[in-house]
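# Notes for the structure review
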Amino acid sequence: MDKLQYKIYHENKTHTPDDFPYNTYLCSIPLDFKSVNLHWHNEVEIIVIKKGTGIVSVDLTTYSVSAGDIIFVLPGHLHAISQKDREIMEYENILFKSSLLKSSGYDLCNDKFIQPLFQAALISAR
């Protein structure tokens, strides 16, 4: 996908207020909406599957997900959510700006774990 195509998928919706860079949404597919189209944004997104099963796509790779699964989407990465067969999926979206995880001083945890995660240097546990 070239840069122009990538930019088309940028979601401009503001998910977090300026005074506190965190927000959650409780969602159900297809009860709230049929799907969440392919998009990306500048916030980190954690998708926690609460009930049922569904489909989550991250960076054009499709995953079948079910209750108990957690999907971590880095800022700028393409992702989508959709219904699997005729199943209902309830999930919680947790969105926050990565700055929420940064300390004002030296932070060993940030250096050893958070930054490598954001640079995709840690391997996922799938």
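Note that the structure is a prediction, hence the values are computed from the model and not measured.

Procedures and definitions
- Numbers given to residues run from 1 along each chain, matching the order in which its sequence is written.
- Selection of residues for local features in this predicted model requires a pLDDT of at least 70, selection of side-chain atom pairs for listing and counting requires 80 or more, and totals for whole chains, interfaces and linings are taken over all residues.
- Just so you know, side-chain values use all the structure's heavy atoms and leave hydrogens and water out.
- In what follows, salt bridge is the name for a side-chain nitrogen of Lys or Arg lying within 4 Å of a carboxyl oxygen of Asp or Glu.
- In this description a helix means any DSSP run of H or I spanning at least four residues, a strand means any run of E spanning at least two, and both kinds are numbered starting from the N terminus.
- Summary of the burial criterion: residues with accessible area below 20% of their type's maximum are buried, those above 50% are exposed, and those between are partly exposed, where the area comes from a 1.4 Å probe applied to protein chains only.
- Grid points spaced at 1 Å over the protein atoms alone were grouped into cavities, where a 1.4 Å probe fits but cannot get out, and pockets, open sets with protein on both sides within 12 Å along at least five of seven lines, with lining residues defined by an atom within 4 Å of a point.
- Grid points are joined across faces, edges and corners, and a volume is the space filled by probe spheres set on the points.
- Residue classes follow a fixed rule: Ala, Val, Leu, Ile, Met, Phe, Trp, Tyr, Cys and Pro count as nonpolar, while Asp, Glu, Lys and Arg count as charged, and any other residue, Gly among them, counts as polar.
- At least two bridges found by DSSP between two strands are what make those strands a pair.
- Two rings from Phe, Tyr or Trp (for Trp, the six-membered ring) form a pair when their centres are within 6.5 Å of each other. A pair whose planes differ by under 30 degrees is stacked, one over 60 is edge-to-face, and the rest are tilted.

## Description of the pattern of salt bridges
Once their charged atoms are close, side chains differing in charge can pair, the charge on each being opposite to the other. Under the criterion given, the structure shown has one salt bridge. As a salt-bridge pair, glutamate 92 and lysine 50 come within 3.6 Å of each other at their nearest N and O atoms. In this pair, glutamate 92 sits in strand β7 (residues 89-96) while lysine 50 sits in strand β3 (residues 44-58), placing the two residues 42 residues apart along the sequence. Residue classification places glutamate 92 among the buried residues on the basis of a relative accessible area of 17%. Exposure remark for lysine 50: the relative accessible area of 46% places this residue in the partly exposed category.

## Structural notes on the layout of surface pockets
Here the second largest pocket is characterised by a volume of approximately 220 Å³. Taken together, 13 residues form the lining of the second largest pocket, with Glu11, His15, Phe33, Val36 and Asn93 sitting closest to its centre. Those elements that place two or more of their residues in the lining of the second largest pocket are β1 (22-29), β2 (35-39) and β7. Examining the composition of the lining of the second largest pocket, we find that three residues originate from one element, β7, more than from any other. Looking at side-chain class alone, the lining of the second largest pocket contains seven nonpolar, three polar and three charged residues.

## Here we look at the pairing of strand β6 (residues 79-83)
The sheet contact formed by β2 and β6 spans three bridges and is antiparallel. Bridge pairing in β6 places histidine 39 opposite histidine 79. Bridging between β3 and β6 involves five bridges; their strand directions are antiparallel. Looking across to β6, one finds that glycine 54 is bridged to glutamine 83.

## Examining the packing of aromatic side chains
Enumeration according to the criterion identifies two aromatic pairs in this entry. Seen in terms of ring centroids, tyrosine 6 and tryptophan 40 are 4.7 Å apart; in terms of plane orientation they differ by 10 degrees. Their pairing is stacked. Pair noted here: tyrosine 6 is in helix α1 (residues 3-8) and tryptophan 40 is in the loop between β2 and β3, with a separation of 34 residues, a long-range link. Taking 6.1 Å as the distance between ring centres and 65 degrees as the angle between the ring planes, the aromatic pair formed by phenylalanine 20 and tyrosine 22 counts as edge-to-face. Note on tyrosine 22: relative accessible area 32%, which makes it partly exposed.

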